[in-house]
Amino acid sequence: MSENHAAPSTVGQLSAHGDESAPEFYHPPEELVNNSNIMAYAREKGFADVEALRQWSVENYQEFWADMATRMVDWYQPFTTVLDESAAPFYQWFNDGSINIVHNALDRQVKTWRKNKVALIWESEQGDNKTFTYWQLYKRVNKFANVLKAMGVKNGDRVTIYLPRIPEIMIAMLACAKIGAMHSVVYGGFSVEALQTRIQDAQSRVLITADGGFLNGKIVELKKITDEAIKHSPVVETVIVVKRTGHDVPMEQGRDIWYHELMALPIASPKCETEPVGAEHPLYMLYTSGTTGTPKGLVHTHGGYQVGVATTMHFTFDIKEDDVWWCAADPGWVTGHSYIVYGPLILGATQVMYEGAPTFPYPNRWWNIVERYGVTVFYTAPTAIRGLMRFGEAWPSRHDLSSLRLLGSVGEPINPEAWRWYHRVVGKNNCPIMDTWWQTETGAFMITPNPTTPLKPGSGTRPFLGIDAAVVNEQGEPAGDDEDGLLVIKKPWPAMLRTVYNNPDRYIEQYWTKIPNLYTAGDSARQDDDGYFWVIGRIDDVIKVSGYRLGTAEVESALVSHHDVAEAAAIGLPHEVKGNAIHTFVILKNGVEASEDLADELIAHVGKMMGPIAKPEAINFVTSLPKTRSGKIMRRVLKSRALGLPEGDLSTLEA
Ligand code: WT7
């Protein structure tokens, strides 16, 4: 694992030790602690402090999660079994209960005074904005659910959603869930190849997209990319197109239909019964990059997932009735699924959604939004903080950010410099930062502080309630204090992934075989002598670029699809803002000449195939790649060489 510890000098925890004057612990404001949801629960359960509650909840995790499943959400038919382990690691939670996530997100809200509460404040970098009450959102979802039914979408079908960060993405996802269909959202920053493989794997007959989206004042051509992807995935029969930009796009007769036209038809009635489904009924699949080959469609379910999402948001971000929540992620990633689309609605919160870049037209855009809407809890990624830091303090300082009471971070380790800046400049030394470690697989937070936790910059502190996390060595034995090892989860949890879509073997292989009976996350970590966790980074062939998860295999396959490329390898190397950047090593076909122009062309090619986020930082033309005797590229060796580090164990290197 040693190659992953080559943290750069400016990014990563290794730089934590530079600043002698900084305090070790940052203590939360007393008022926040005393009024927190988690403290209230600890008191109710008779615990002296939150840490005692946490220890109890880990030991009695089934009892804890059953309590949450009863308190946080409503069931049509209550469950009698909490956890069914008979087919482990295919665990089942609340199996015999009947529920639907949309019932808890919308239906039950409109039966209370929250009917007229603002659910969503949406704003775009273009300056337009819209507000939806729970009632308005509820009716839109009903209408669109009826449209989907009229298009022949049934319980169990998969619908691909490829939309920008606009309210319709929420409406579409909720409409699928409402009728028991699975959504498969493809992030709007992905391109042809990524979209095509995901449509193909999910076998979606219906796809929902837009004529475009806005980013940095430019139009992202979602419809054109869709058309190209469908050429290679003929399974799609119907494309529903949201008019967002209003610019001209080709519409194919008999296949493409405008969203607004469908929503104006009598079939789009605002009344639609939510379909009761079993707790284990699949809610969605979300593709994520793994060690090898094609992305995996991770499957989440209606029951356990919503319990996990609602519970974590309630205790970690301490959401109260009058909060204004803003998660700046994209709904197309799990962060957006859990903490934009589902979590806030289940808790009945008001939230902000922003379509566009944080720096458009100026680097104060986010702080301006916080001030105007009175955002109280704000959640973003380290890469965004580092990016905004570069523009200086003057931008946030021009705004009144005093409405903020809690901040959050997710996606990759946050380096202490960025943490301190976020804490001081954005949070005015008054807002604890919830550094939440979790994954698409885990569905909800796994290691995270809560508002009562003394913080250390760069550490996610301790596992969430009911979560049994540990650091172990390759043999599965506990690692010592400050010793690097594998991050594992020892007990199942309700929001965990259930399988890899259509590929149960891959589920077992990927997560449950490295160390028998323990879930291995694919991250390395260590625990300090306070028991705090420090996540170091991925140990597999996954690269976190600006918090986005990309597989080396996907980048390599995009490169090899270029007619001049014979072979390619991709690795991640430290980058000051992005955390990691993609560096590639390319062997050209015989007779092809390496040149700067060709390098640029290859970078553009990967951008076109995969999406802008996958564009390599550098192309290195080489004549050979280090391989094992069985022919696998040794990316570890490439990385060590690039960083000027010892190359480690080369015993398997091809002679
Ligand atoms: C991987 C999962 C979960 C939402 C977004 C990412 C890294 C995530 C943290 C954090 C250190 C983190 C890990 C993890 N990661 N959050 N707070 N500290 N590392 O989901 O795309 O499935 O990526 O992101 O490496 O395994 P994802």
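Residues numbered from 1 in each chain as written. Predicted model: local features only at pLDDT ≥ 70, side-chain atom pairs only at ≥ 80, totals over all residues. Heavy atoms only, no water.

Asks: I tried to follow the overall build of the protein chain on my own but got confused; where do I start?
Replies: For the protein chain, the helix and strand inventory stands at 20 helices and 30 strands. Computed over the C-alpha atoms, the radius of gyration of the protein chain is 24 Å, within 12% of the 26 Å expected from 2.2 N^0.38 for a compact globule of 655 residues. A principal-axis box enclosing the C-alpha atoms of the protein chain has dimensions of 70 × 65 × 60 Å. Across the 655 residues in the protein chain, those meeting the buried criterion constitute 63%. Once local pairs closer than 6 in sequence are excluded, the contacts in the protein chain between residues at least 24 apart make up 72%. When the accessible surface of the protein chain is totalled, it reaches about 24200 Å², and 50% of it is carbon and sulfur. Looking at the protein chain, you have 61 positive and 78 negative side-chain charges, and the mean spots of the two groups are 6 Å apart. (Helix = DSSP H or I, 4+ residues; strand = E, 2+ residues; numbered from the N terminus. Rg over C-alpha atoms; globule rule 2.2 N^0.38 Å. Buried < 20%, exposed > 50% of the residue type's maximum accessible area, 1.4 Å probe, protein only. Contact = heavy atoms within 4.5 Å. Areas by Shrake-Rupley, 256 points an atom, 1.4 Å probe, with all protein chains shown as cover. Lys, Arg positive; Asp, Glu negative; His and termini not counted. Charge placed at Lys NZ, Arg CZ, Asp CG, Glu CD.)

Asks: Would you mind going over the sheet that holds strand E30 (residues 618-621) with me for this structure?
Replies: Backbone hydrogen bonds hold the strands of a sheet together, and the pairing may be parallel or antiparallel. The three strands lie next to each other as E28-E29-E30, forming an open sheet whose pairing is mixed. With one partner strand each, in any of the chains shown, strand E28 (565-575) and E30 form the two edges of the open sheet. Strand-to-strand twist across the sheet, computed as the mean angle between neighbouring axes with direction ignored, equals 25°. Note that E28 and strand E29 (residues 579-588) share ten bridges and pair antiparallel. Within E29, the position partnered with Ala569 by the bridge is Phe585. Along the sheet, helix H18 (residues 552-560) contacts E28, E29 and E30; its crossing angle with E28, the most-contacted strand, is approximately 140°. Sitting on the sheet, helix H19 (residues 596-610) is in contact with E28, E29 and E30, with an inclination near 130° to E30. (Pairing = 2+ DSSP bridges. Axes fitted to C-alpha atoms, helices over the stretch in contact; angles between N-to-C directions.)

Asks: Looking at this model, I keep getting lost on a positive patch on the surface. Mind explaining?
Replies: Together, Lys115, Lys130, Lys139 and Arg140 make up a region of like positive charge exposed at the surface. Turning to its location among the elements, Lys130 is positioned in strand E5 (residues 129-133). (Patch = residues over 30% accessible without salt bridge, like charges linked within 9 Å, V, L, I, M, F, W, Y side chains within 5 Å. Salt bridge = Lys/Arg side-chain N within 4 Å of Asp/Glu carboxyl O.)

Asks: How should the pairing of strand E27 (residues 548-551) be read in this particular structure?
Replies: Regular strands place their side chains on alternate faces of the sheet. As judged from the four bridges shared by strand E26 (residues 542-545) and E27, these two strands associate in the antiparallel manner. Note that in E27 the partner of Ile543 across the bridge is Leu550. What sits between the antiparallel neighbours E26 and E27 is a turn of two residues, in which Ser546 has the positive phi angle 50°.

Asks: Sorry if this is basic, but what is going on with the pattern of salt bridges here?
Replies: Side chains carrying opposite charge are able to pair once their charged atoms draw close together. Overall, the coordinates contain 43 salt bridges when judged by the stated rule. Between Glu237 and Arg205 there is a salt bridge, with the nearest N and O atoms lying 3.6 Å from each other. Of this pair, Glu237 sits in the loop between helix H9 (222-231) and strand E11 (238-242) while Arg205 is found in the loop between helix H8 (192-202) and strand E8 (206-210), placing the two residues 32 residues apart along the sequence. Its relative accessible area of 27% is what places Arg205 among the partly exposed residues. Residues joined in a network through salt bridges with shared partners are Lys223, Asp227, Glu252, Arg255 and Asp256.

Asks: I tried to follow H18 on my own but got confused; where do I start?
Replies: Side chains that are three or four residues apart share a direction in an α-helix, a result of its 3.6 residues per turn. The buried count for H18 comes to seven of nine residues, which makes it a mostly enclosed element. Buried within H18 are the following residues: Thr552, Ala553, Glu554, Val555, Glu556, Ala558 and Leu559.

Asks: Please explain the nonpolar core as it appears in this structure.
Replies: One recurring pattern in soluble globular proteins is that nonpolar side chains are buried together. Grouped together as the largest cluster of nonpolar side chains are 169 residues, with contacts concentrated most on Phe144 and Tyr342. Here this core takes nine residues from helix H7 (residues 167-178), the largest share from any one element. Residues in contact with Phe144, not counting those within four places in the same chain, are Ile171, Ala172, Ala175, Ile208, Ile240, Tyr259 and Met263. Core analysis: the second largest hydrophobic core is formed by 29 residues, Val324, Trp326, Val370 and Ala384 among them. (Core = buried A, V, L, I, M, F, W, Y, C linked by side-chain atoms within 4.5 Å.)

Asks: For this particular structure, what's the right way to read the side chain of Thr461?
Replies: Within the element layout of this structure, Thr461 appears in the loop between strand E20 (433-435) and strand E21 (469-472). The residues touching Thr461, leaving out its near neighbours within four places in the chain, are Ile447, Thr448, Pro449, Thr453, Pro454, Leu455, Gly531, Tyr532 and Phe533.

Asks: In this structure, what is going on with unusual backbone geometry? I would like to understand it.
Replies: When glycine is set aside, most residues are seen to have a negative phi, and most peptide bonds are trans. Going from Ala88 to Pro89, the amide bond is cis rather than trans, its omega being 5°. With respect to the helices, strands and loops of the structure, Pro89 is situated in the loop between strand E1 (83-84) and strand E2 (92-93). The phi torsion at Lys428 lies on the positive side, around 50°, for a residue other than glycine. Locating Lys428 in the fold gives a position in the loop between helix H16 (416-426) and E20. A positive phi is found at Thr461, a non-glycine position, where the angle reads about 60°. Of the residues examined, Thr461 reaches a relative accessible area of 0% and is grouped as buried.

Asks: Just to check I follow, could you spell out the site of the ligand for this structure?
Replies: The immediate surroundings of the ligand are formed by 17 residues, with Asp435, Thr440, Asp523, Lys544 and Arg549 found nearest. Within the backbone of Gly411, an N or O atom sits 3.1 Å from a nitrogen atom of the ligand. Here Pro413 contributes a backbone N or O atom positioned 3.5 Å from a nitrogen atom of the ligand. Considering the ligand on its own, with 560 Å² of exposed area, one finds that the protein chains cover 96% of that surface. When contributions to the shell around the ligand are tallied by element, the ones reaching two or more residues are helix H12 (334-346) and strand E25 (533-538). Across the shell around the ligand, the residue classes break down as six nonpolar, five polar and six charged. (Near = heavy atom within 4 Å. Polar contact = N/O pair within 3.5 Å; in protein donor to acceptor, adjacent residues only side chain to side chain. Nonpolar A, V, L, I, M, F, W, Y, C, P; charged D, E, K, R; others polar.)

Asks: I would appreciate a short explanation of the packing of aromatic side chains in the present structure.
Replies: Geometrically, a pair of aromatic rings is defined through the distance of the ring centres and the angle of the planes. With the rule as written, the count across this model stands at 44 aromatic pairs. Taking the centre distance of 6.4 Å and the plane angle of 85° together, the rings of Tyr339 and Tyr379 count as edge-to-face. On the criterion of sequence distance, the pair formed by Tyr339 in helix H12 and Tyr379 in strand E18 (residues 377-380) is long-range, its members being 40 residues apart. Like Tyr379, Tyr339 is buried. Here a set of aromatic residues connected by ring pairs shows up, and it is made of Phe90, Tyr91, Trp493, Tyr507, Tyr511, Trp512 and Tyr519. Over the ring of Trp258 we find Lys243, and its NZ or CZ is 4.4 Å from the ring centre. (Phe/Tyr/Trp six-rings, centres within 6.5 Å; stacked < 30°, edge-to-face > 60°. Lys NZ or Arg CZ within 6 Å of the ring centre and 35° of its normal.)

Honestly, it's all geometry; don't read function into it.
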